[in-house]
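Residues per chain are reported as follows:
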Amino acid sequence: MPQFIALLVGATALVAAAVGGLYLWPLGRRELRLAPASPLDFDAATAAARSITAAEAADAQVRPESRSRLLSHGARTGRAVLLLHGYTMAPEQHDELAEVFFARGYNVWIPRAPRHGMVDRPGHHRIETGELTSYAAQALTVAAGLGDEVGVVGISGGAVLATWLAQVRGDVVRRLLVLSPFFGPGQAPAFAVRPLITLYGRRILPDRLTARGYSLAAVTRYLTIVRSLSRRPRRTGLLSAAVAISPLDTVVDATAAVRVPRRIARANGIDLRVYALPESLGVRHNTLDLTALGDGAADVLQLYVDLYEGEPAPTADNAAVGG
């Protein structure tokens, strides 16, 4: 993270010294426009999902463990959920959470993001904004055919896409849960974000990698989507919204992690449920990496599903998990 901050500050200094006008450079969001999608029935949605998984199985460049996953009860259910993994990750990030949803009666769709889960692991460095938004929109179309009520869960960069879907497809998304949402980099000045998007997003500067292996060019794709979110969200049919974060997470802006979904919740006349995992759990940015918790991981996963379904967030006194 110190390296990430240094890169941000360096980019800002460059802007101030030589190209201050970049603050006036339009970020260009034409790729964020969403074309209407024809709804799919259960059979068509299932066929689409299976076509995707079959294509990935035939692609030697996709790691077997990272292929898209469909957990289906064999018929349209009352509830379906779309799970979106984080940047540099792949569908297996959601495996344990998907099983909890499935056991609860949901049909579950976990699609692989473009250029992720590849044998060529750095492939995600070349991701483009339009690829991400198209992927998210198409994934939601599949999920919408799997159940009557549809919601989205996203983690980190996937949380950005989930939030975007809750706005641009408010006619479909009824529930939203964001885990460790990357609405802005942690421990970095807010004024550095726009220069970062311009300099690295437009490839004015050559790409750089952070200590976590994050491509700055790729990170700007998610931040561009964040910038497209309205500060005055419109009212949709959202029934519940929740966020779960870790106080040990230095990757994301903790204030923005709550502020952005709270705007959406207020626009819909609902409360945003916020849960901060106890520091004693030792969970950091990847709030789905619960292996160190042993049997306690099941409690956290159940808590996430409860938050998604609109149950109140536990307090320090009645938390489902604790130190």
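Worth saying up front: this structure is predicted, and the values here are computed from it rather than measured. (Residues numbered from 1 in each chain as written. Predicted model: local features only at pLDDT ≥ 70, side-chain atom pairs only at ≥ 80, totals over all residues. Heavy atoms only, no water.)

> Honestly, the packing of helix α5 (residues 157-168) against helix α7 (residues 216-228) in this entry has me stumped. Any pointers?
When two helices pack together, their arrangement is given by the angle between the helix axes and by the axis-to-axis distance. Two elements in contact, α5 and α7, have axes separated by 10 Å at closest approach and are oriented at 30°. By the angle between their directions, the pair α5 and α7 is classed as roughly parallel. Along this stretch, α5 crosses α7, giving a crossing that reads as left-handed. Contacts between α5 and α7 involve Gly-157, Val-160, Leu-161 and Trp-164 from the former and Tyr-222, Ile-225, Val-226 and Ser-228 from the latter. (Axes fitted to C-alpha atoms, helices over the stretch in contact; angles between N-to-C directions. Helix = DSSP H or I, 4+ residues; strand = E, 2+ residues; numbered from the N terminus. Parallel < 35°, antiparallel > 145°, perpendicular 65-115°, else oblique. Left-handed = near helix turned anticlockwise from the far one by under 90°. Contact = heavy atoms within 4.5 Å.)

> Can you walk me through the pairing of strand β3 (residues 107-110) in this structure?
Successive side chains on a regular strand alternate, one facing one side of the sheet and the next facing the other. Side-chain alternation along β3 places Asn-107 and Trp-109 on one buried face and Val-108 and Ile-110 on a second face that is also buried. In the sheet, strand β1 (residues 69-71) pairs with β3 via 3 bridges, with the strands oriented antiparallel. Residue pairing across strands places Arg-69 opposite Ile-110, the latter belonging to β3. Sheet topology note: the strand β2 (residues 77-84)/β3 ladder contains 3 bridges and is parallel. Looking across to β3, one finds that Leu-82 is bridged to Trp-109. With helix α3 (residues 95-103) bridging β2 and the parallel β3, this β-α-β connection has right-handed handedness. (Buried < 20%, exposed > 50% of the residue type's maximum accessible area, 1.4 Å probe, protein only. Pairing = 2+ DSSP bridges. Right-handed = clockwise from strand over helix to strand, strands pointing away.)

> Which parts of the structure should I look at to understand the nonpolar core?
It is characteristic of soluble globular proteins that their nonpolar side chains tend to be buried jointly. Counting 61 residues, the largest nonpolar core has Leu-82, Leu-84, Leu-140, Val-152, Leu-165 and Phe-182 as the members making the most contacts within it. With residues near it in sequence (within four places) discarded, Leu-82 still touches Trp-109, Pro-111, Ala-136, Ala-139, Leu-140, Ala-143, Gly-151, Val-152, Val-153 and Leu-165. (Core = buried A, V, L, I, M, F, W, Y, C linked by side-chain atoms within 4.5 Å.)

> Hey, could you run me through the pairing of strand β6 (residues 240-245) in this one?
With respect to burial, β6 is a largely interior element, 6 of its 6 residues being buried. Residues Ser-240, Ala-242 and Ala-244 point to one face of β6 and Ala-241, Val-243 and Ile-245 to the other, with burial holding for every one of them. Judged from the 5 bridges that link them, strand β5 (residues 173-179) and β6 form a sheet pairing that is parallel. Among the inter-strand pairings, Val-178 is bridged to a residue of β6, identified as Val-243. Bridge count between β6 and strand β7 (residues 272-276): 5 bridges; the pairing is parallel. Residue Ala-241 lies in a different strand from β7, and its bridge partner there is Leu-272. For the handedness criterion, the β-α-β arrangement of β6, helix α8 (residues 254-267) and β7 is classed as right-handed.

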